[in-house]
Amino acid sequence: MAAIWAEETKLKHWMEIEILACEGMASMDIIPRKDARTIRSKAKFRIHEVHENEKRTHHDVLAFTEEMAVHVGPAGRWIHQGLTSSDLLDTTLALQSVKAADLLLADLRQLQKVLAAKAKKYAFVPMMGRSHGIHAEPISYGLKLALMYDEFRRAEKRLIEAREQIAVGKLSGAVGTHAHLDPRVEAYVCNKLGLQASLLSTQIIQRDRHAHYISTLALIASSVDRWATEFRHLQRTEVLEVEEYFSPGQKGSSAMPHKRNPITGERLSGLARLIRGHSIAAMENVVLWHERDISHSSVERVIFPDSTIALDYMLVTLARLVERQIVYPENMQRNMAISKGLFASQSILLALTDKGMIRREAYEAVQSAAMACWQGEGSFVEHVKKSAIICNHLKTKEIESACSLDRHFRYVKTKFKRLGIPI
């Protein structure tokens, strides 16, 4: 990923765009064909000379085109013919963004592969589902990971769309009118590069495309953060249902030898904040003066490499975190037991209404048994069996059936099938 944003890579793109523009003009007999062949065969650049030129010109594109022309000779007069700097800059940024997206899409697909395998493994391992951080009803750890799989499947679809939105080049000149370059040259160059030619541009490609791209990366980073945070909560000492892999020789604290901290998840959460900040900068870049100003340029030199490199790292790291994660089913069972079977309260409520009891009365009867359980001794089932109101409507077997875990796993296979993960 870093290589995509390296200076040499960028300048190679600039050179190819200049060469293709000359070849396009030659194919239309705008410039001599032999000159285009000379440019193709002789064009090159030396980075240190580009830097020296820029010290004098204070202009990166002029510094580059001067260096490129030196190696070509007289035919070099056609280099940058009818172009403006942003024709190189924006078309190159599109190429870099597309290549970065391709790497990120590969990361997302690998992450989904890891998640699907892990979800299948724990499809029927029960754990407590929580709302507001409080015990609610049972789920399985596999269902939790399947939900994660589905979220990153949506992320893949969003990134495919963002890739399409940004895969647009332009060679339309100083204010986008093609005053000095035939639009067919733009089409020729973009086609050779695998880009769409912008239907209409100013001196630049409009920055809503770029804001969409970076915002998509920020949304994916937020999904990474969401699951990193989930795993961090599940690793808390009093929960400890899952844990990051802790390698031999690893240390958790400089002061406390016992510590095993969720540092990977914390790192991922921190990087997500960075990328979300970049999305705000990208949206600020949408607002430029007239046909362009340069206020977006310095921002993009930071946010595009940083966002794509950071997200690349985050996705690879998250996949590794999940793959090597330590799961503690016994602790999941232990934690479910803490609330003494109260998760069955809705099942009892619905069983009562099925028997014809008014919902409000049924709710109050079940809540009374639940509060007595929570504040006293014994399980929820035991307190339900002590309730005369409930027992007037439900037999012992019906109470025990309603409090069973089985009903919470009836549709696990169905849900996995919907996701295309057969179990």
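Above: the structure in question.
Anyway, here's the lowdown on the structure attached to this text. (Residues numbered from 1 in each chain as written. Predicted model: local features only at pLDDT ≥ 70, side-chain atom pairs only at ≥ 80, totals over all residues. Heavy atoms only, no water.)

### Focus on the pairing of strand 1 (residues 126-131)
Side-chain positions along a regular strand alternate between the two faces of the sheet.
Okay, step 1: Where strand 1 meets strand 2 (residues 134-140), five bridges bridge the pair, whose relative direction is antiparallel. Along strand 2, the bridge assignment pairs serine 131 with isoleucine 134.
Okay, step 2: In this antiparallel pair of consecutive strands, strand 1 and strand 2, the connection spans two residues, and histidine 132 shows a positive phi of 60°. (Pairing = 2+ DSSP bridges. Helix = DSSP H or I, 4+ residues; strand = E, 2+ residues; numbered from the N terminus.)

### Details of the pattern of salt bridges
Okay, step 1: The final tally for this structure, using the stated rule, is 28 salt bridges.
Okay, step 2: Between aspartate 150 and arginine 153 there is a salt bridge, with the nearest N and O atoms lying 3.1 Å from each other. In this pair, aspartate 150 and arginine 153 are both assigned in helix 6 (residues 141-166), three residues apart and thus about one turn of the helix distant.
Okay, step 3: When its relative accessible area of 24% is taken as the criterion, arginine 153 is described as partly exposed.
Okay, step 4: Salt-bridge contacts for aspartate 150 lead to arginine 154; the nearest nitrogen and oxygen are separated by 3.2 Å. Residue aspartate 150 and its partner arginine 154 are located together in helix 6, separated by four residues, close to a single helical turn. (Salt bridge = Lys/Arg side-chain N within 4 Å of Asp/Glu carboxyl O. Buried < 20%, exposed > 50% of the residue type's maximum accessible area, 1.4 Å probe, protein only.)

### With respect to the layout of surface pockets
Empty space among the atoms becomes apparent when a probe as large as a water molecule is rolled across them.
Okay, step 1: Counted as a void, the largest pocket has a volume near 720 Å³.
Okay, step 2: Residue lining of the largest pocket: 25 residues in total, with Ile134, His135, Ala136, Leu342 and Ser345 positioned closest to the centre.
Okay, step 3: Those elements giving two or more residues to the lining of the largest pocket turn out to be strand 1, strand 2, helix 11 (329-338), helix 12 (345-354) and helix 13 (359-375).
Okay, step 4: Sort the elements by how many residues they give to the lining of the largest pocket and helix 13 lands first, with six residues.
Okay, step 5: Residues that form the lining of the largest pocket fall into these classes: twelve nonpolar, nine polar and four charged.
Okay, step 6: Of the voids in this model, the second largest pocket is the one considered here, and its volume is about 350 Å³.
Okay, step 7: Contributing to the lining of the second largest pocket are 20 residues, with Lys10, Leu89, Leu93, Gln96 and Arg301 lying nearest its centre.
Okay, step 8: The class makeup of the residues in the lining of the second largest pocket is seven nonpolar, five polar and eight charged. (1 Å grid on protein atoms, 1.4 Å probe; cavity = no way out; pocket = protein on both sides within 12 Å on 5 of 7 lines; lining within 4 Å. Points joined across faces, edges and corners; volume = space filled by probe spheres on them. Nonpolar A, V, L, I, M, F, W, Y, C, P; charged D, E, K, R; others polar.)

### Regarding helix 1 (residues 7-27)
Within an α-helix, residues lying three or four positions from one another point in the same direction, as the helix has 3.6 residues per turn.
Okay, step 1: In this model helix 1 runs 30 Å from its N-terminal to its C-terminal C-alpha over 21 residues, within 8% of the 30 Å that 1.5 Å per residue would give.
Okay, step 2: At the exit of helix 1 stands aspartate 29, carrying a positive phi of roughly 60°. (Expected span 1.5 Å × (residues − 1).)

### Concerning the packing of helix 5 (residues 85-121) against helix 8 (residues 208-235)
To characterise two packed helices, one gives the angle between the axes of the helices and the distance between these axes.
Okay, step 1: Relative orientation of the contacting elements helix 5 and helix 8 amounts to 20°, with a least axis distance of 12 Å. Regarding the angle of helix 5 to helix 8, the classification is roughly parallel. In the packing of helix 5 onto helix 8, the handedness of the crossing is left-handed. Here Leu93, Ser97, Ala100, Ala101, Leu104 and Leu108 of helix 5 lie close against helix 8, whose contacting residues are His210, Tyr213, Leu217 and Ile220.
Okay, step 2: Counted by class, the contact of helix 5 with helix 8 contains eight nonpolar, two polar and no charged residues. (Axes fitted to C-alpha atoms, helices over the stretch in contact; angles between N-to-C directions. Parallel < 35°, antiparallel > 145°, perpendicular 65-115°, else oblique. Left-handed = near helix turned anticlockwise from the far one by under 90°. Contact = heavy atoms within 4.5 Å.)

### Focus on the nonpolar core
Okay, step 1: By size, the foremost hydrophobic cluster in this structure holds 101 residues, and its most contacted members are Ile39, Tyr141, Phe152 and Phe231.
Okay, step 2: Every residue in contact with isoleucine 39, bar those within four places of it in the chain, is listed here: Ile19, Cys22, Met68, Val72, Ala75, Trp78 and Ile79.
Okay, step 3: One finds Ala344, Val384, Ile390 and Ala402 within the second-largest nonpolar core, a separate group that totals 23 residues. (Core = buried A, V, L, I, M, F, W, Y, C linked by side-chain atoms within 4.5 Å.)

### Topic: helix 7 (residues 183-193)
Okay, step 1: Taken as a whole, helix 7 has its buried residues at Val185, Glu186, Val189, Cys190 and Leu193. Relative to the axis of helix 7, the buried residues are bounded by an arc of 125° and lie together on one face. Away from its buried face by more than 90 degrees, helix 7 exposes Asn191 and Lys192.
Okay, step 2: Buried-residue contacts for helix 7 involve helix 1, helix 5, strand 3 (168-169) and strand 4 (196-197).
Okay, step 3: Measuring from the backbone nitrogen of arginine 184 back to the side-chain oxygen at the start of helix 7 gives 2.8 Å, which picks out aspartate 182 as the cap.
Okay, step 4: Backbone geometry just downstream of helix 7 places glycine 194 in the positive-phi region, at approximately 80°. (Arc of directions from axis to C-beta. Polar contact = N/O pair within 3.5 Å; in protein donor to acceptor, adjacent residues only side chain to side chain.)

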